[in-house]
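Breakdown of the fold
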Amino acid sequence: MERIRNGGQYEEACAVDAAERDERRLTARQDAARLTADGVRAVVVSWVDNAGISRAKTVPTTRLAQAAHRGIGMSPVFDVFTSDDFVTTSEHIGGPDGDLRLFPDLDRLTVLAAQPGWAWAPADRYDQQGRPHPACQRQFARRMAGRAAGHGLELRMGFETEWTVVRDDHHIPADGKRGPRTGDFAGRGPAYGLTRVTEQSAYLLALHDALDAQRVEVLQIHPEYAPGQFEVSTAPADPVRAADDLVLVRETVRAVSAAHGLRASFAPTVVAGKVGNGCHLHLSLREHGHNLHRDPTGRYGLAATADTFLGAVLDALPALCAIGAPSPASYLRLVPSQWAGVHRCWGVENREAALRLVPGEPDDPDGGHAELKPFDAAANPYLLVGAVIAAGLRGVLDGGPPLPEPVTGDPAARGDQKRLPTSLSEAVAHFLRNEALREALGEELCGAIVAVRRAESEALAELGPDELAEATRWRW
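Presented here is a report on the structure given in the accompanying data block. Remember, predicted model here, so these are calculated numbers, not experimental data.

Moving on to helix 11 (residues 424-432). For helix 11, every residue scored as buried is listed here: Leu424, Ala427, Val428 and Phe431. Burial along helix 11 is one-sided: seen end-on, the buried residues are contained in an arc of 100 degrees. The inward-facing, buried residues of helix 11 contact helix 7 (304-324), helix 8 (330-333) and helix 12 (435-460).

Turning our attention to unusual backbone geometry. The backbone of histidine 288 shows a phi angle near 50 degrees, a positive value even though the residue is not glycine. Note on histidine 288: relative accessible area 63%, which makes it exposed. The phi torsion at tryptophan 339 lies on the positive side, around 60 degrees, for a residue other than glycine. With respect to the secondary-structure elements, tryptophan 339 resides in the loop between helix 8 and strand 15 (343-348).

Summarising burial for strand 13 (residues 281-287): 6 of the 7 residues are buried, a large majority. With 7 bridges joining them, strand 9 (residues 153-167) and strand 13 adopt antiparallel strand pairing. Bridging across to strand 13, glutamate 154 finds its partner in arginine 286. Where strand 13 lies against strand 17 (residues 369-372), 3 bridges are found, and the strand directions are antiparallel. What sits directly across from leucine 283, in strand 17, is alanine 370. When strand 13 meets strand 14 (residues 290-291), the two strands line up antiparallel, connected through 2 bridges. Residue glutamate 287 lies in a different strand from strand 14, and its bridge partner there is histidine 290.

This brings us to the state of the cysteines. For the structure shown, the criterion picks out 0 disulfides. Free of any disulfide, cysteine 279 has its nearest neighbouring cysteine sulfur in cysteine 321, separated by 14 Å. You can call cysteine 279 buried: its relative accessible area is 1%. Unpaired in this structure, cysteine 321 has its nearest cysteine sulfur neighbour in cysteine 345, at a distance of 13 Å.

Our next topic: the packing of aromatic side chains. Within the structure shown, the criterion is met by 6 aromatic pairs. Each ring, one from phenylalanine 78 and one from phenylalanine 81, has its centre 4.7 Å from the other, and the planes form 35 degrees; the classification is tilted. Summarising the aromatic geometry, the rings of tyrosine 300 and tryptophan 346 are spaced 5.9 Å apart at their centres and angled 80 degrees between planes, so their arrangement reads as edge-to-face. Taken as a pair, tyrosine 300 in the loop between strand 14 and helix 7 and tryptophan 346 in strand 15 lie far apart in primary sequence, 46 residues in all.

Right, let's talk about the pattern of salt bridges for a bit. Inspection of the entire model under this criterion finds 26 salt bridges. Across the pair arginine 108 and aspartate 244 runs a salt bridge whose closest N-O atoms are separated by 3.6 Å. Placement of the pair is arginine 108 in the loop between strand 6 (100-104) and strand 7 (110-111) and aspartate 244 in helix 6 (residues 239-259), with a sequence separation of 136 residues. For arginine 108, a relative accessible area of 6% translates into the label buried. Its relative accessible area of 1% is what places aspartate 244 among the buried residues. The partner of glutamate 371 in a salt bridge is lysine 373, and the shortest N-O contact between them spans 3.6 Å. Classification of glutamate 371 by relative accessible area gives buried; the value is 1%. Residue classification places lysine 373 among the buried positions, given a relative accessible area of 3%. Three or more residues joined by partner-sharing salt bridges are found here, namely Asp105, Arg108, Asp124, Arg138, Arg142, Asp244 and Asp245.

About the thresholds
- Residues numbered from 1 in each chain as written.
- Predicted model: local features only at pLDDT ≥ 70, side-chain atom pairs only at ≥ 80, totals over all residues.
- Heavy atoms only, no water.
- Buried < 20%, exposed > 50% of the residue type's maximum accessible area, 1.4 Å probe, protein only.
- Helix = DSSP H or I, 4+ residues; strand = E, 2+ residues; numbered from the N terminus.
- Arc of directions from axis to C-beta.
- Contact = heavy atoms within 4.5 Å.
- Pairing = 2+ DSSP bridges.
- Disulfide = S-S within 2.5 Å.
- Phe/Tyr/Trp six-rings, centres within 6.5 Å; stacked < 30°, edge-to-face > 60°.
- Salt bridge = Lys/Arg side-chain N within 4 Å of Asp/Glu carboxyl O.

Right, dumping it as structure tokens:
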């Protein structure tokens, strides 16, 4: 058992010992036999870096047992990669030295329905002695979920994923105007229109089928506001599984898009000045099995613990933007009166508030949750779910205040609500002042995140909105 230091706190994290390695190898041999029988010839093992980019290594199915037993080598330097593959450095991580091991999570091993012959598994990262890597984002999410469980709290989370698809043969026109033109977008009908479903019915049906085959429970897929924009919502799950599902959903959308001659972008801003792509996080809380959104004595059904948890998350949102809106391009999307949730307020079913409370149907005992709207798909989902838990739990443990009074109507029109950060550098400043997040993340991971955010800010600082959208359009 290894003890991980997190800003003065120590948490237990399991090292991989010889017996566990042997058990993993045996399980992987059985999995490999099943995959081979299903025609799977290779497995992609992926992780998400601090810039929100999914990185990967692949192994032949015949080598899966070896990968599960000994891991797959990788450099720690990926923790300080930016989204354009520039390598920065931090106090604890950077440079060419060292090695880590990627261990595929065999419980999430999934045959990829849209990529024949392939399977996928997310990775946890360890050092060569089998000790947890302190900057492993997936293990951070697991630790935070475990920390909440240690206090009797269970969180269920799910994501709304928005993306924009263009025809893969689109080009930059000769007049120099950047970005896809109207005719390049796939699905040119009205916002939320049935016309788009009709135009792209084969594409959307293939996406439904692929996600179903991969055991990702889809709540809905529908056209969104901007040209060529769609959204998929997945069912709530434990925080780590929810983040895994998000990674799998994105890559499935990419694969299905490519098979239909389309290219998908999850970037927060595809065209400057237009509505961008969000990635909203939904969450609900239970305490010792009881739904904290169904308290008959609480306002809007919120038990006191849920009220305090959400109040702490709302208070921490300026800092959380450094995790959930992590690109300079994120702040082109965060525009008032576009349902992006740019004001630090909450409301009951208020889609302009940063935190939207969804009471659900009164007769549904499992109903009720909250939605966090400012976030986008440039975020590492493991960092995001873990950071939200850390912020909310700190409020509960410290006896923090509940949510303030809810806001109705458009906060921009009211003029009395505080804006969230309007730039990445402003969000990072809030992040550095947030002791709860820094303690939860630990020195190594926190330092790497800040280094990447500052490098991204500096690299893109001189770009105008059109240039910034163009530079980041295909990074996510």
